[in-house]
Amino acid sequence: MKRIICIGNRLFAPDATGPLVYDILTESGPPAEVEIVDGGLAGLDLLPLLGNGDRVVFVDAAWGLADEPGVVVVDEARLLAASDPAPYGHGAGLPFLLRMRRQIFPDAALPEVLLVGIEGEADPGALREAAAVAVRVASFGAAPWWQEQASMAKEGG
Amino acid sequence: MMAHRTILNIPMNRVEGDLEISVAIEDATVVDAWSSGLMYRGIENILRNRDAMDGLVITPRVCGICTTSHLTAAAMALDAVSGAAVPDNAIRMRNLALLTEQVQSDVRHAFLMFHVDFTNPAHAQAEWYAEAMHRYQPFKGKCVIETVRETGKLVEVIAIIGGQWPHSSFMVPGGLASAPSAGDLLQCEMLVRQFRGWYEKRILGCTIERWQQVQSLADLDAWLEENDRHRQSEVGFFLRIGRAVGLDRLGAGVKNFLSYGAFPLPGDTTLTPLGGHGDRLVPAGFLQGTTLLGFDQTEIREQVKYSWYEDDPGGRHPDNGLTRPYATGAEGFKYSWAKAPRYRGLPAETGPLAERLVARDPLITDLVGRLGATALTRQFARLTRPATMLPVMEQWLAETDPNGLYYRHPAELVAGEGYGLTQVPRGALGHWLRIEEGRIVNYQIITPTAWNGSPRDDHDVRGPWEEALVGTSVKDPANPVELGHVVRSFDPCLVCTVHAATGGNRNPRNTRFKV
């Protein structure tokens, strides 16, 4: 099972990236093997969705995860390394969930977790790209996308 | 000596959204306090001119924590406008979902937020500190891990009833959008029973039946000394360290208590109202000191003298409420995006303590009569509320007929006024709605935290937790853990601020992740 969880607040533009990508994904009809979840602001209540499956891809706005604006893909280790290990609050989110899930599901084979974010402005083009990247990394993992990005950067440089 | 006003950045990161507490300290004692909600919400204006039903989808997203609470209030308001007669089974399922949210929230607030303050280095020399660390240390504490695991299972009840998770919008005017199957109900029964088993073992250290025999402070002290299971339970440990810390001397508040009442009783239920009167399980009322008065929602006003909205002397009832942000021209005077709700012109505390006092719960009434409304009694009322509500959940599940009626078609939503008032995890929640030509022309929400965390009103009277902070001794202004104990005893919840996945190097004000 592969799962894409779009998170954010559609009522607050700077935080609406996840919900807007969710709309694109549901309208375009994702592959049957990928489940699409409107994670909204659900926080800790998303934990049951992190205890099973092969891969979970979160989609959210991103700040400071890339040097350039655009779509970025990071893995769990990078996400945790970049986050403040703050204790739980009502605003606690993905890092809290990731830190807790190994305690909550100690014996389970946990799904790989990736984040597809949009650094900078989430314009329509970036949103469509993020939707496509989310489906791709949910299906095949992040490695091919990272390799492609590295090749493009090399050619560009 | 002149009061030295200190802006204390107490760690309110365990509050939803931005909250800043400012206190004036003189001789190591708080002599004044100001509570500032630092984010404009604007949901009322977002809803204006939308379809009448949109509140069912939009208002659950007011908050990432209390989505079912807002869905309940929104559905009740639409029930009122449409004159819906909600079937008994649908009432049970609505109540069950809201109770699930309440019970999980009571426990999460305790062990993921309030009790975390017991691991503050300020308490490091206490003889109980190592045990508190063992139980409540973030990410590692035994009770923290168990709480996340057990509450995570319990909320599956809402997913089962709602048919979607998260952000379900399964309540509609007239009942539910879907009916649970017999298998769904069995699953819910199992989840509630499992949670009850954990709650009895870990939180109470006894059965709920034994706990229900505790009806006074004397009973409570006897229960505590009865055996080691009671003393080592979370309730027992809280009583011991709460008294050691001095929570019983902190956070008195305004001594007015408000409950809107909650959980309509199905016509065929065997349950009776707590407190013995009314048509809801949890009664409505206003307790002024020790005098219990009936509740009349027309007595509510929202005042904005100290809030960042256009001045409106006297305030307004939410039926005629205005939300006109006005953040300039009064810097240094207005200080919060929260309005100041008042009942009969008075500030009022709401939450489990108020709810149980209004219901004349014998244990809580005796505790407050002898010890006062304090951080200790406030948190105790929350921590032990599930002992009352879990058997109710079991009973309503047992009474629910999977082949029964879950929806009655209501009248068309063309025009009218209505409100949905209920008790939610943090207290009294109200949605007021006016519809014309099928569109929303006015939607006003007053949340529990608006009551508890309100700024001063038109008569310069402090809000409840502002008042509760006054008189608090602060040993170390650099680590004012006492203020955290007081404010968190109200279970503060301001609305979500801007959040995003961040590396922490772009926008220093937003260094948290969110979901």
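Residues numbered from 1 in each chain as written. Chains lettered and ligands numbered in written order. Predicted model: local features only at pLDDT ≥ 70, side-chain atom pairs only at ≥ 80, totals over all residues.

The helix and strand inventory of chain A stands at five helices and five strands. If you list the helices and strands of chain A from N to C, you get β-α-β-β-β-α-α-β-α-α. Taking 2.2 N^0.38 as the reference for a compact globule, 157 residues should give roughly 15 Å; the C-alpha atoms of chain A span a radius of gyration of 15 Å, in line with that estimate. By principal-axis analysis of the C-alpha atoms, chain A measures approximately 45 × 35 × 35 Å. The contacts in chain A between residues at least 6 apart in sequence include a share of 72% that link residues at least 24 apart. (Helix = DSSP H or I, 4+ residues; strand = E, 2+ residues; numbered from the N terminus. Rg over C-alpha atoms; globule rule 2.2 N^0.38 Å. Contact = placed C-beta atoms within 7 Å.)

Right, let's talk about the overall build of chain B for a bit. Scanning chain B from N- to C-terminus turns up 18 helices and 15 strands. By the compact-globule yardstick of 24 Å for 515 residues, chain B fits well, its C-alpha radius of gyration being 22 Å. Along the three orthogonal principal directions, the C-alpha set of chain B runs to about 65 × 60 × 55 Å. Relative to its 515 residues, chain B shows a buried fraction of 58%. Sequence-distant contacts in chain B: of pairs separated by 6 or more residues, those separated by 24 or more amount to 71%. (Buried ≥ 20, exposed ≤ 12 C-beta atoms within 10 Å, placed from the backbone.)

Let us look at helix 4 (residues 124–140) of chain A. Residue and element names in this part refer to chain A. Between its terminal C-alpha atoms helix 4 stretches 24 Å, which fits the 24 Å expected from 17 residues at 1.5 Å a residue. Along helix 4, the residues classified as buried are Ala-130, Ala-131, Val-133, Ala-134, Val-135, Val-137 and Ala-138. Directly after helix 4, the chain includes Gly-141, whose backbone phi takes a positive value near 85°. (Expected span 1.5 Å × (residues − 1).)

Take the confidence of the model for chain A next. Predicted confidence across chain A gives a mean pLDDT of 88, with 94% of residues reaching 70 or more. Per-element averaging of pLDDT across chain A places helix 3 (residues 94–104) of chain A at the bottom with 84 and helix 4 of chain A at the top with 96. (pLDDT = per-residue confidence, 0-100.)

Attention now goes to the sheet that holds strand 8 (residues 291–293) of chain B. Backbone-to-backbone hydrogen bonds pair the strands of a sheet. The strands run either parallel or antiparallel. A sheet is described by the order of its strands in space; here four strands give the open sequence 8-7-6-11 (chain B), paired in mixed fashion. In this open sheet, the two edge strands, each paired with only one partner strand, are strand 8 and strand 11 (349–350) of chain B. (Pairing = 2+ DSSP bridges.)

A few words now on the sheet that holds strand 13 (residues 427–436) of chain B. All names here are of chain B. Ordered in space as 12-13-14, the three strands form an open sheet in which the pairing is antiparallel. Unpaired on one side and paired on the other, strand 12 (416–424) and strand 14 (439–446) mark the two borders of the sheet. Recorded for the sheet is a direction-independent mean angle of 15° between the axes of neighbouring strands. Pairing analysis gives nine bridges linking strand 12 to strand 13, with the strands arranged antiparallel. Its bridge partner being in strand 13, Gly-418 is matched across the sheet by Leu-433. (Axes fitted to C-alpha atoms, helices over the stretch in contact; angles between N-to-C directions.)

Attention now moves to the nonpolar core. In terms of nonpolar packing, the biggest core is built from 199 residues, with A:Ile4, A:Val57, A:Val59, A:Val116, A:Ala134 and B:Val157 touching the most fellow members. The biggest single contributor to this core is helix 4 (residues 88–114) of chain B, with 14 residues. With residues up to four places along the chain from it excluded, the contact list for B:Val157 reads B:Leu96, B:Thr100, B:Cys188, B:Leu191 and B:Val192. (Core = buried A, V, L, I, M, F, W, Y, C linked by C-beta atoms within 7 Å.)

For the rest of this paragraph, the subject is the confidence of the model for chain B. Residue and element names in this part refer to chain B. On average, residues of chain B carry a pLDDT of 90, and 91% of them reach 70 or more. Confidence drops under pLDDT 50 across residues 11–16; counting only partners more than four residues distant or on other chains, this segment forms 24 contacts. Note on residues 495–515: pLDDT is under 50 here. Beyond four places in sequence and across chains, it has 80 contacts. Predicted as a complex, the structure gets a pTM of 0.89 and an ipTM equal to 0.79.

Looking now at the packing of helix 4 of chain B against helix 15 (residues 375–399) of chain B. All names here are of chain B. Their axes nearest at 9 Å, the elements helix 4 and helix 15 cross at an angle of 150°. On the basis of their axis angle, the class for helix 4 and helix 15 is roughly antiparallel. Relative to helix 15, the crossing made by helix 4 is left-handed. Of helix 15, the residues touching helix 4 (which contributes Arg-92, Asn-95, Leu-96, Leu-99, Gln-102, Val-103, Asp-106, Val-107, His-109, Ala-110 and Phe-114) are Gln-379, Arg-382, Leu-383, Arg-385, Pro-386, Met-389, Leu-390, Val-392, Met-393, Trp-396, Leu-397 and Glu-399. (Parallel < 35°, antiparallel > 145°, perpendicular 65-115°, else oblique. Left-handed = near helix turned anticlockwise from the far one by under 90°.)

Here we come to the packing of helix 1 (residues 17–28) of chain A against helix 4 of chain A. All names here are of chain A. Where helix 1 contacts helix 4, the two axes come as close as 9 Å, and the packing angle between them is 65°. Judged by the inter-axis angle, helix 1 sits roughly perpendicular to helix 4. The way helix 1 lies across helix 4 gives a crossing that is right-handed. Contacts between helix 1 and helix 4 involve Leu-20, Val-21, Ile-24 and Leu-25 on the former and, on the latter, Leu-127, Arg-128, Ala-130, Ala-131 and Ala-134.

Moving on, we get to the pairing of strand 5 (residues 112–119) of chain A. All names here are of chain A. The buried fraction of strand 5 is high, at seven of eight residues. Taken together, the eight bridges between strand 3 (residues 55–63) and strand 5 define a ladder with parallel strand orientation. In the sheet register, Ala-61 faces strand 5, and the bridge partner there is Ile-118.

Residue and element names in this part refer to chain B. Extensive coverage of helix 18 (residues 481–488) is indicated by the burial of seven of its eight residues. Of all the positions in helix 18, only Glu-482, Leu-483, Gly-484, His-485, Val-486, Val-487 and Arg-488 are classed as buried. In this fold, the buried residues of helix 18 make contact with strand 2 (19–26), helix 4, helix 15 and helix 17 (464–469).

Attention now moves to the environment of B:Glu20. Residues and elements named next belong to chain B. Mapped onto the fold, Glu-20 is located in strand 2. Residue Glu-20 is classed as partly exposed on the basis of its 16 C-beta neighbours within 10 Å. Discounting chain neighbours no more than four positions away, the residues touching Glu-20 are Ser-36 and Leu-38.

Turning our eyes to something else, we now look at unusual backbone geometry. Residue and element names in this part refer to chain B. You will see that Asn-49, though not glycine, has its phi angle at about 75°, which is positive. Secondary-structure assignment places Asn-49 in the loop between helix 1 (43–47) and helix 2 (55–58). On the basis of neighbour count, Asn-49 is assigned to the exposed category, with 10 C-beta atoms found within 10 Å. Positive phi outside glycine occurs at Arg-344, with the angle close to 50°. Tracing the backbone shows Arg-344 in the loop between strand 10 (340–343) and strand 11. Under the C-beta neighbour-count criterion, Arg-344 is labelled partly exposed, with 13 such atoms within 10 Å.

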